[in-house]
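# Observations on the model geometry
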Amino acid sequence: MSIQVFDSIAALRAALADVRQAGSSIGFVPTMGALHAGHGRLIEQAARETDCVVVSIFVNPIQFTDQQDYRLYPRNLAADVPFCSALGARIVFAPSAAEMYPQPPRSFVEVSGVSERLCGEFRPGHFRGVATVVLKLFQIVQPERAYFGEKDAQQLAVIERMARDLNIPVAVVGVPTVREPDGLALSSRNQRLSPEERRIAPVFFQALQAARERIAAGVEDAGEVRQAALAVLGRQPHVRVEYLEIVDPAEMQPVDPIQGPVRVAGAVWLGSTRLIDNVLCLPGGLTPAR
Ligand code: AMP
């Protein structure tokens, strides 16, 4: 069956009513497009676990804190549609900003606490925009299951909490981060790195690995773990650290001492490109990097 592409909410709803009528389950993968193998992993898992996979492609203006970043965000629908199709998606929903926001929105979802630290601190309003658009998309698609990457661990925690707090009947599924062979997490933003920046970029994952090794070796002092990661980043003067924190994986609040599972999460700038990444760490034992 060939893939269907919708830009209208009403037409998508009508098609999904037929899908539900036929007794098929719906899996949903929200994205901002410029799709790569990281998104691909989410689509593949959704296709294994549900009958009809819907991928949304929407660069959501209300989650950008910088208009320049919104304008420059890569867009490539012509390549994204066949990519989704090849991985087993049945529907692409690619609405315009006017379709999603016919009038300036007055209603927003705020997930307090979980949204405050890390990216929330440096991108005020970002998670409000994310939670709001994801709730809108959940209302439109009404999926049984929705797939989010652990690469954006705070986003995943925000959406999990929103779904629980607001009794949204969807299973939120986290999918491990897909990386380049040198460790760099796949991201649509990687396209913006110069060759020199791309060469340096793996130092970010190396720093997170250094933290993970300390935690696995039994170091409980969060400050010491943090310093170990910062020391690795410090070897590259072109990397500017925005934040690097050790947090509880669900609450996204700082943890010290480290006595249970934590995420070491960071944001760094390479020139004008901002990269985020994180790893899940367990004290006293190395887990596979995710
Ligand atoms: P984005 O298009 O950047 O908004 O991402 C859409 C979804 O893909 C989000 O749930 C991301 O966490 C996920 N994603 C992006 N990059 C990766 C990656 N390298 N590995 C796994 N999931 C990813």
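What follows is about the site of the ligand. In the vicinity of the ligand, 17 residues are found, and the nearest of them are His39, Gly149, Asp152, Val178 and Leu186. Met32 has a polar backbone atom sitting 2.9 Å from an oxygen atom of the ligand. Asp152 places a polar side-chain atom, nitrogen or oxygen, 2.5 Å from an oxygen atom of the ligand. Isolated, the ligand exposes 490 Å² of accessible area, and the fraction of that covered by the protein chains is 93%. For the shell around the ligand, the secondary structure elements donating two or more residues are β2 (26-31), α2 (37-49) and β5 (145-149). Per-class residue counts for the shell around the ligand are eight nonpolar, seven polar and two charged.

Moving on, we get to the environment of Pro202. Mapped onto the secondary structure, Pro202 falls in the loop between α9 (195-200) and α10 (203-216). For the pair Pro202 and Ala97, spaced 105 residues apart in the sequence, the C-alpha separation amounts to 34 Å.

A word on the sheet that holds strand β7 (residues 239-247). Pairing is antiparallel in the open sheet, where three strands are placed in the order β7-β8-β9. In this open sheet, the two strands that pair with only one neighbour each are β7 and β9 (273-281). The average undirected angle you get between the axes of adjacent strands in this sheet is 15°. Sheet analysis places β7 next to strand β8 (residues 262-270), joined by eight bridges and oriented antiparallel. Looking at the pairing, Glu245 lines up with Ala265 of β8. Helix α11 (residues 222-234) contacts β7 and β8 of the sheet and is inclined by roughly 155° relative to β7.

One pass over the structure, following the stated rule, counts six aromatic pairs. Relative to Tyr101, the ring of Phe58 has its centre 6.2 Å away and its plane inclined at 40°; by these criteria the two rings are tilted. With Phe58 in the loop between β3 (52-57) and α3 (67-72) and Tyr101 in the loop between α5 (97-100) and α6 (119-122), the pair connects residues that are 43 residues apart, well separated along the chain. Residue Phe58 shares its accessibility class with Tyr101, and that shared class is buried. Geometrically, the ring pair formed by Phe64 and Tyr73 is edge-to-face, given 5.8 Å between the ring centres and 75° between the ring planes. For the pair Phe64 and Tyr73, a shared accessibility class is recorded, and that class is buried.

The rules we used
- Residues numbered from 1 in each chain as written.
- Predicted model: local features only at pLDDT ≥ 70, side-chain atom pairs only at ≥ 80, totals over all residues.
- Heavy atoms only, no water.
- Near = heavy atom within 4 Å.
- Polar contact = N/O pair within 3.5 Å; in protein donor to acceptor, adjacent residues only side chain to side chain.
- Areas by Shrake-Rupley, 256 points an atom, 1.4 Å probe, with all protein chains shown as cover.
- Helix = DSSP H or I, 4+ residues; strand = E, 2+ residues; numbered from the N terminus.
- Nonpolar A, V, L, I, M, F, W, Y, C, P; charged D, E, K, R; others polar.
- Pairing = 2+ DSSP bridges.
- Axes fitted to C-alpha atoms, helices over the stretch in contact; angles between N-to-C directions.
- Contact = heavy atoms within 4.5 Å.
- Phe/Tyr/Trp six-rings, centres within 6.5 Å; stacked < 30°, edge-to-face > 60°.
- Buried < 20%, exposed > 50% of the residue type's maximum accessible area, 1.4 Å probe, protein only.

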